[in-house]
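Structure assessment
What follows is each chain in one-letter form.
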Amino acid sequence: MGKIVSVVNQKGGVGKTTSAVNLAAGIGMLDKKVLLVDVDPQGNTTSGYGINKNGLEKTSYRLLIGEAKVEETIIKTEFKNVDIIPSSIDLAAAEVDLIGIEHREARLKMAIAPVREQYDYIFIDCPPSLGLITINALNASDTVLVPIQCEYFALEGLSQLMASIRQIKRLFNPTIEIEGILLTMYDGRLNLTGQVVAEIKKYFANKLYKTAIPRAVRLSEAPSYGQPIQYYDKRSKGAVAYNDLAKEFLRRNGR
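No experiment lies behind these values; they were computed from the predicted model shown.

**Here we look at the overall build of the protein chain**
- Tallying secondary structure elements over the protein chain gives 12 helices and 7 strands in all.
- Here the C-alpha radius of gyration of the protein chain, 17 Å, is about what a compact globule of 255 residues would show, namely 18 Å.
- By the burial criterion, 55% of the 255 residues in the protein chain qualify as buried.
- Within the protein chain, contacts between residues at least 6 apart in sequence are counted, and of these 78% link residues at least 24 apart.
- Accessible surface for the protein chain amounts to roughly 11500 Å². Of this, 51% is attributable to carbon and sulfur atoms.
- Considering the protein chain, the positive charge centre built from 32 side chains and the negative charge centre built from 28 side chains are found 6 Å apart.

Rendered as structure tokens:
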């Protein structure tokens, strides 16, 4: 049965979508079958795989509100072993549309259940907020992967996120755990980076990935070409880092 991992941080601009896009691609290249579920209304994961968001009929929004079956929403990408459920701007209305629906916090869990057996890993790219869509993702997930930028405010955000995950665990999903914490936009030359890393290790030493993702121009360029970094520039620092992360992720999962 496929393991479901939400990629979450309520703070924007921390490399959340970049990590979802490129970790999924790296794991696909290692011969694991991956489904990437884009539930961020911005749809950057969708366009990061070269899919035009405009005019898509069957999206994660339709899935959440019960107007499409999961099999109808899945798009096979041109990248090895990665399928995607795309997002669209319609998803911005989902928070309101879900209010009157029964079991609204479990819509995503129920919707993706029929295809879970077909994948080794299902990654959910969440919006940068802790609203009803993110609650759906966390309720559906086995674990949570948290990308954080090496800066002071990241630590504040991390403690808020952990409190939210504890609440989800108490109310909806008693088995959810932290998959790992990923340092993004890493620059080892800065004193602040060292301080942030030391602080995270104090509380989450066994959850912090050894692989850190560096600041890299090529990583920023790749989405505008609709390609994960491994396909856009396989020799770049970013590609090497995400490939290392994919291997570390699979090692930790005993694969």
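The rest of the description comes next.
**Digging into the nonpolar core**
- L108, I112, I124, I181 and I200 are the most contacted members of the largest nonpolar core, which has 44 residues in total.
- Counting residues per element, this core draws most heavily on helix α8 (residues 152–171), at 6 residues.
- Aside from chain neighbours lying at most four places away, what touches I181 is V146, I148, L158, M162, I200, F204, K207, L208 and Y209.
- Among the nonpolar cores identified, the runner-up in size contains 33 residues, and L23, A25, Y232 and A241 belong to it.

**Things to note about the sheet that holds strand β2 (residues 34–38)**
- Taken together, 7 strands build an open sheet; the order of strands is β3-β4-β2-β5-β1-β6-β7 and the sheet is mixed. What marks the edges here is a single partner per strand, and that holds for β3 (75–76) and β7 (177–184).
- Of the strand pairs in this sheet, β2 and strand β4 (residues 82–85) are connected by 4 bridges, and their pairing is parallel. Considered in β4, the bridge of L36 is made with I84.
- Along the sheet, helix α12 (residues 237–252) contacts β1 (3–7), β5 (121–125), β6 (143–149) and β7; its crossing angle with β7, the most-contacted strand, is approximately 160°.

**A few points about the layout of surface pockets**
- By volume, the largest pocket amounts to about 510 Å³.
- G15, K16, T17, T18 and M185 are, among the 28 residues lining the largest pocket, the residues nearest its centre.
- Looking at the lining of the largest pocket, the elements that each hand over two or more residues are α1 (16–29), α2 (44–48) and α10 (217–221).
- Across the lining of the largest pocket, the residue classes break down as 12 nonpolar, 12 polar and 4 charged.
- Each pocket or cavity is described by its volume, and for the second largest pocket that value is around 160 Å³.
- Partitioning the lining of the second largest pocket into residue classes produces 4 nonpolar, no polar and 4 charged.

**Here's the deal with unusual backbone geometry**
- The phi angle at D31 is positive, at roughly 70°, despite the residue not being glycine.
- Turning to its location among the elements, D31 is positioned in the loop between α1 and β2.
- Under the relative-accessibility criterion, D31 is labelled exposed at 53%.
- Phi angles above zero are rare outside glycine, and H103 is one such case at about 50°.
- Residue H103 is classed as partly exposed on the basis of its relative accessible area of 48%.

Calculation rules
- Within each chain, residue numbers correspond to sequence positions counted from 1 in written order.
- Since the coordinates come from a predicted model, pLDDT governs what is reported: local features require at least 70, and pairs of side-chain atoms require 80 or more to be given and counted, while whole-chain, interface and lining totals use all residues.
- Remark: hydrogens and water are excluded; side-chain values derive from all non-hydrogen atoms of the structure.
- Working definition: helices are DSSP H or I runs of at least four residues, strands are E runs of at least two. Numbering for both runs from the N terminus.
- With the radius of gyration taken over C-alpha atoms, the globule rule is written as 2.2 Å times the number of residues to the power 0.38.
- Remark: exposure states derive from per-residue accessible area (1.4 Å probe, protein chains only) relative to the maximum for the residue type, with buried under 20%, exposed over 50%, and partly exposed in between.
- Note on contacts: a residue pair qualifies if any of its non-hydrogen atoms lie within 4.5 Å across the two residues.
- In this description, accessible areas are obtained by the Shrake-Rupley approach with a 1.4 Å probe, and a residue is regarded as covered only by the protein chains that are shown.
- We treat Lys and Arg as the positive residues and Asp and Glu as the negative residues; His and chain ends play no part in the count.
- Charged side chains are reduced to one point each, which is NZ for Lys, CZ for Arg, CG for Asp and CD for Glu.
- By nonpolar core we mean a set of buried residues, namely Ala, Val, Leu, Ile, Met, Phe, Trp, Tyr and Cys, connected to one another through side-chain atoms within 4.5 Å.
- By definition, two strands form a pair when at least two bridges between them are found by DSSP.
- All axes are obtained by fitting lines to C-alpha atoms, using only the stretch in contact for helices, and the reported angles, taken between N-to-C directions, cover 0 to 180 degrees.
- Only protein atoms enter the 1 Å grid used here, on which a cavity is any set of points holding a 1.4 Å probe that cannot leave and a pocket is any open set flanked by protein within 12 Å on both sides along at least five of seven lines; residues with an atom within 4 Å of a point are listed as lining.
- Grid points are joined across faces, edges and corners, and a volume is the space filled by probe spheres set on the points.
- Residues are grouped as follows: Ala, Val, Leu, Ile, Met, Phe, Trp, Tyr, Cys and Pro are nonpolar; Asp, Glu, Lys and Arg are charged; all remaining types, including Gly, are polar.

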